[in-house]
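So the chains spell out like this:
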Amino acid sequence: MKHLPNPTKRRLVQLASLLSQQTERKITSKTIQMMTGWSDSLIRRDILLLGFKGGVSNGYFVEELYEAICSELNLKKNDSSKKNCCIVGLGRLGAALLENSLFEGSPFAVVAGFDSNVNRTEILRSTFPLFPASKMENVIKEKNIEFALLAVAEKEAQKMADRLVECGIKGIANYTNTILAVPKEIALENVSPVTALANLAAAGGDFYGG
């Protein structure tokens, strides 16, 4: 994989999602600009950094650009290459993530859920098995789980993140408001609703009413 800046990777992931929904054979950077709000020059720069050379005078072939992004960022959706994930924390938020349709058509497969409350793992219904948190180490190894969605209580977040790192997890989607400390080689996305709303407010220049 090329060494792409993280902001470029994020935009390319979004661009791949946008392209997957297009019905036209071609798309221009101006059209992408109207749909995303990114500047025309930024779009062209991201695609240039990707190394894509399939552009034509009046834009890009949608399928070719989509395939190039998916190939470079390892976003292929075929079942044989799906990345196994788990949900850690099965309270209200974690339980909502048990809805399997959330991940349909994605390159990810949730194959396990964990909670420190054994009753939750026995009562909740899911298309994949749910386990007590005490079995995390063994199950993550056995099922070759690479990524975790962390939705535990705030006070448990860092402890659970540490355990996930020890289990060999490559990345964590952090649904808690806790600022986690993880090794630099572990990918971390802070995706709690509060963090997302704060980012929106900051981007709009009205952060906390300022």
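Anything mentioned here points back to the structure above.
The present account deals with the structure reproduced in this document. (Residues numbered from 1 in each chain as written. Predicted model: local features only at pLDDT ≥ 70, side-chain atom pairs only at ≥ 80, totals over all residues. Heavy atoms only, no water.)

### Side note on the side chain of Asp115
Operational definition: Elements are defined by DSSP. Helices are runs of H or I of four residues or more, strands are runs of E of two residues or more, and each kind is numbered from the N terminus. The term polar contact refers here to a pair of N or O atoms within 3.5 Å; inside protein, the definition further demands a hydrogen-donor-capable atom paired with an acceptor-capable atom, and it admits residues adjacent in sequence only when both atoms are side-chain atoms. Any two residues whose heavy atoms approach within 4.5 Å at even a single point are treated as in contact.
Relative to the helices and strands, Asp115 is located in strand β4 (residues 108-115). At 2.7 Å, the side chain of Asp115 forms a polar contact with the backbone nitrogen of Asn117. Residues contacting Asp115, with those up to four places away along its chain left out, are Gly89, Leu90, Gly91, Arg120, Thr121, Phe131, Pro132 and Ala133.

### Topic: the packing of aromatic side chains
Worth spelling out the cut-off: Two rings belonging to Phe, Tyr or Trp (six-membered ring only in the last case) form a pair when the distance between their centres is within 6.5 Å. Interplanar angles under 30 degrees mark stacking, angles over 60 mark edge-to-face geometry, and anything in between is tilted. When accessible area is computed with a 1.4 Å probe and restricted to protein chains, residues below 20% of their type maximum are described as buried, those above 50% as exposed, and intermediate ones as partly exposed.
The full count for this structure, using the stated rule, is 3 aromatic pairs. With 6.2 Å between their ring centres and 50° between their planes, Phe52 and Tyr60 make a pair best called tilted. Judged by its relative accessible area of 15%, Phe52 falls in the buried class.

### Some words on unusual backbone geometry
With a phi angle near 50°, Asn144 is a residue other than glycine that sits in the positive phi range. One can find Asn144 in the loop between α7 (136-142) and β6 (147-150). By relative accessible area, Asn144 is classed as exposed at 53%.

### Looking at the nonpolar core
Let me state the cut-off plainly: To define a nonpolar core, start from buried Ala, Val, Leu, Ile, Met, Phe, Trp, Tyr and Cys residues and group those joined through side-chain atoms within 4.5 Å.
In terms of nonpolar packing, the biggest core is built from 23 residues, with Cys86, Val88, Phe114, Met136, Ile140, Leu150 and Leu164 touching the most fellow members. At the level of elements, β3 (83-88), β4, α7, β6 and α8 (154-166) are the ones that each hand at least two residues to this core. Residues Ala16, Ile43, Tyr66 and Leu75 belong to the second largest nonpolar core, which totals 21 residues.

### Observations concerning the pattern of salt bridges
Side-chain pairing between opposite charges can occur once the charged atoms of the two side chains come close. Rule in force here: For salt bridges, the criterion is a side-chain nitrogen of Lys or Arg within 4 Å of an Asp or Glu carboxyl oxygen.
The final tally for this structure, using the stated rule, is 7 salt bridges. A salt bridge links Glu189 to Arg10; the nearest nitrogen and oxygen atoms lie 3.0 Å apart. Pair noted here: Glu189 is in strand β8 (residues 187-190) and Arg10 is in helix α1 (residues 6-20), with a separation of 179 residues, a long-range link. The closest approach of N and O atoms between Asp46 and Arg11, which form a salt bridge, is 2.5 Å. With a gap of 35 residues between them, Asp46 in helix α3 (residues 40-50) and Arg11 in helix α1 connect regions that are remote in the sequence. Each of Arg11, Arg45 and Asp46 takes part in salt bridges that share partners, so that together they form one network.

### Looking at the environment of Ser101
Tracing the backbone through its elements, the reader meets Ser101 in the loop between α5 (92-96) and β4. Taking relative accessible area as the criterion, Ser101 reaches 37% and is therefore assigned partly exposed. Sequence-wise, Ser101 and Phe61 are 40 residues apart; in three dimensions their C-alpha atoms are separated by 29 Å.

### Observations concerning the sheet that holds strand β7 (residues 171-174)
Short version of the rule: Should DSSP find at least two bridges between two strands, the strands are regarded as paired. The axes used here are C-alpha line fits, helices contributing only the stretch in contact, and every angle between their N-to-C directions lies in the interval 0 to 180 degrees.
Taken together, 6 strands build an open sheet; the order of strands is β5-β4-β3-β6-β7-β8 and the sheet is parallel. Every interior strand has two partners, whereas the edge strands, β5 (130-132) and β8, have only one. Taken pair by pair, the neighbouring strands of this sheet meet at an average axis angle of 25°, ignoring direction. The pairing of β7 with β8 spans 4 bridges and is classified as parallel. Of the residues in β8, the one forming a bridge with Ala173 is Glu189. Running over the sheet, α8 touches β3, β6 and β7 and is turned about 170° from β6.

### Topic: α8
Within the span of α8, buried status applies to Ala157, Met160, Ala161 and Leu164. Against the buried residues of α8 lie β3, α7, β6 and β7. Phi for Gly168, located one or two positions after α8, is positive at around 95°.

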